[in-house]
Amino acid sequence: MRVPRFVAPVARTVLRQQHLYRPHKNDLLINFTGDIAYAVPARLDIEGLASALSRTLASFPLFCGRLVRDPEWAISLDPPQPISFSVKEGSARAWWDAPETTAVIRRQPGPQVEKINPLRLLSGEDPALLKTTVVRMNDWTLVGMSCSHIVADLAFVVKFMRMWSQHYTRAALEPEPVYRNRADLALPADPARLAHIRSKLPGILSDTFALDDIPPSVFSPFPITRVDVRLSSAQTRALHAALGRLAQSSVSVGQQRLTAQDALSAFIVSAANASSNEPITQIHNVMNCRGINPDVLSAEAAGNGLMYATTERVALPPSRADAFVAYARAMRASIVEARDPAYVRDFLALSGEEWYGPAMAHRGHYVAPTPGKIIINSSWRHDWGAAHFGCPGRTCWQMSDTVPTDNYVLVSPSNPAPGGAGVWARDGGACEVSLNVRAGREAAFGAAVRDVWAELVGEGAGTPGVTVFL
């Protein structure tokens, strides 16, 4: 069989009678994309991957659509468009030969996948909403995709990759995506409630630029350096235990139990705060809100399920240990608030308007510098490894580093790695933290990681590793 350059879906399993799909307002992240790849330590069957992709696309019709203005943004579903299936052969050495190359977040240009260009997409010059890539080397295969953020957030991208893997290995399939027709949510009628929700919106929802006249400062506001912090599972456990010990002395009735994620996020924010010229007093955590309010967004909802759990302003005590606890408690309180069904409805109603207005005016959003505020996007507890294409426990996942400022933190579960005698191992609970610091602040941030760790945890579990990418 000749390997196809494009792959068409088999008979559509969902949205069979629908010709035009109107994305919800919270789907209109028109200038963002999602790029992800899985590095599999085996030479996969290309024809089998193409066939599995065809069956997977039947459940993801938006990926096979075309973006149109009618006059609002919509996705034309008929006829379904074949998807680019780029296949490359190579002889590159295995990515696991050097320890640092097992990193999840890849430096620009990111994973070796054919990428969506948002400007060409919006102009109609290249209207594809999804592109797929397979790179087959001597003893491993890279399977990846790039899509417009209009049709998928990271959780939905990973669901697509899992189902592609399930079709390829002929494993049991997970539940089909659920597609809901656009239903605009009413803003809160109470002015005080509306003001409270508005105070929780991050700057990305208000910072925009004209897509036909993009200022260079959007992508390089100031020189930055990529820094990674790596913690083993033993270190994440030690950090969580330290948080429990420090918080116990000031616990009060009704306070929520603090989690390992709270400890990890509070530690990174503490290190960033200790090395920053301005105190960090507000934290936005990116959340997948699917299933919290099923009437608004079901657990298997297609598209985007993003919202933010935003802390109140954190009053920082002088002690680093007390500040660490204060950050953790503030984040836990914000997450509890964001898991309330009424809050989800009200937040999505307001955030939808903030995405929709600029999208209709042909303006894009971006992450601008926000002194004193920081965004944490953690997928540390996500089951990335479920998309293994027949190599469970040995497949590595990769994403792009795409936020060129110093206020955005990505937290990912560490990749597995081969050990002696070809035996692979994954340190469950280990994580990688990737962020940018302003050029010239690399040493200060590294010292802050060591000093904050020593004060909170001590030396028993060793100090987390810090890698600076100059």
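Residues numbered from 1 in each chain as written. Predicted model: local features only at pLDDT ≥ 70, side-chain atom pairs only at ≥ 80, totals over all residues. Heavy atoms only, no water.

**As for the nonpolar core**
The line we're drawing: Buried Ala, Val, Leu, Ile, Met, Phe, Trp, Tyr and Cys residues form a nonpolar core when they are joined through side-chain atoms within 4.5 Å. A simple rule labels every residue: compare its accessible area, found with a 1.4 Å probe on the protein chains alone, to the largest value its type can have, and call it buried under 20%, exposed over 50%, or partly exposed in between. Secondary structure is summarised from DSSP: a helix means a run of H or I of at least four residues, a strand means a run of E of at least two, and numbering begins at the N terminus for each. The contact criterion used throughout is that any non-hydrogen atoms of two residues lie within 4.5 Å.
Within the largest apolar cluster, 87 residues are counted, with the highest numbers of intra-cluster contacts made by Phe 63, Phe 160, Met 161 and Trp 164. If you tally residues by element for this core, the top one is helix α8 (residues 341-360), at eight residues. Setting aside chain neighbours within four positions, we find Phe 160 in contact with Leu 53, Thr 56, Leu 57, Phe 60, Phe 63, Leu 130 and Met 145. Counting 41 residues, the second-largest nonpolar core is a separate cluster that includes Leu 243, Leu 435, Val 437 and Trp 453.

**Side note on the sheet that holds strand β20 (residues 431-438)**
Strand pairing in a sheet relies on backbone hydrogen bonds, with the paired strands running either antiparallel or parallel. For the record, the criterion: DSSP-based pairing: two strands are paired if at least 2 bridges between them are found. For helices, the fitted axis covers only the stretch in contact; all axes are lines through C-alpha atoms, and the angles between them, taken along N-to-C directions, range from 0 to 180 degrees.
Read across the sheet, seven strands follow the order β13-β12-β15-β17-β20-β11-β21 without closing on themselves; strand pairing throughout is mixed. Each of the sheet's edge strands pairs with one partner strand only, and the pair in question is β13 (306-310) and β21 (465-469). Taking the axes of each pair of neighbouring strands and ignoring which way they run, one obtains an average angle of 25 degrees across the sheet. Pairing of strand β17 (residues 408-413) with β20, which is carried by four bridges, proceeds in the antiparallel orientation.

**Section: the packing of aromatic side chains**
Selection rule: The pairing test for Phe, Tyr and Trp rings, Trp by its six-membered ring, is centres within 6.5 Å, and the orientation test on the planes gives stacked under 30 degrees, edge-to-face over 60, and tilted for anything in between. Cation placement over rings: the criterion is NZ of Lys or CZ of Arg within 6 Å of the ring centroid and within 35° of the ring normal.
Per the stated rule, a full pass over the model turns up 14 aromatic pairs. Their ring planes at 20 degrees and their centres at 5.6 Å tell us that Phe 60 and Phe 63 sit as a pair that is stacked. Judged by relative accessible area, Phe 60 falls into the buried class, the value being 1%. Seen in terms of ring centroids, Phe 63 and Phe 160 are 5.1 Å apart; in terms of plane orientation they differ by 70 degrees. Their pairing is edge-to-face. Placement of the pair is Phe 63 in the loop between α1 (46-57) and β4 (66-69) and Phe 160 in helix α3 (residues 154-169), with a sequence separation of 97 residues. By relative accessible area, Phe 63 is classed as buried at 0%. One aromatic cluster is present, built from ring pairs that chain together Phe 60, Phe 63, Phe 156, Phe 160, Trp 164, Tyr 168 and Phe 389. Between the NZ or CZ atom of Arg 5 and the centre of the ring of Phe 6, over which it lies, the distance is 5.3 Å. If you follow Arg 226 out to its NZ or CZ, it ends over the ring of Phe 469, 4.8 Å from the centre.

**What about α3?**
Note the following rule: Residue count minus one, scaled by 1.5 Å, sets the expected span of a helix.
Taking 1.5 Å per residue, 16 residues should reach 22 Å; α3 reaches 22 Å between its end C-alpha atoms and fits that length. Extensive coverage of α3 is indicated by the burial of twelve of its 16 residues. Within α3 the residues assigned to the buried category are Phe 156, Val 157, Val 158, Lys 159, Phe 160, Met 161, Arg 162, Met 163, Trp 164, Ser 165, Gln 166 and His 167. Those residues of α3 hidden inside the fold are in contact with β3 (33-40), α1, β6 (83-89), β8 (130-136) and β9 (141-148). Positioned one or two residues after α3, Arg 170 has a phi angle of 55 degrees, which is positive.

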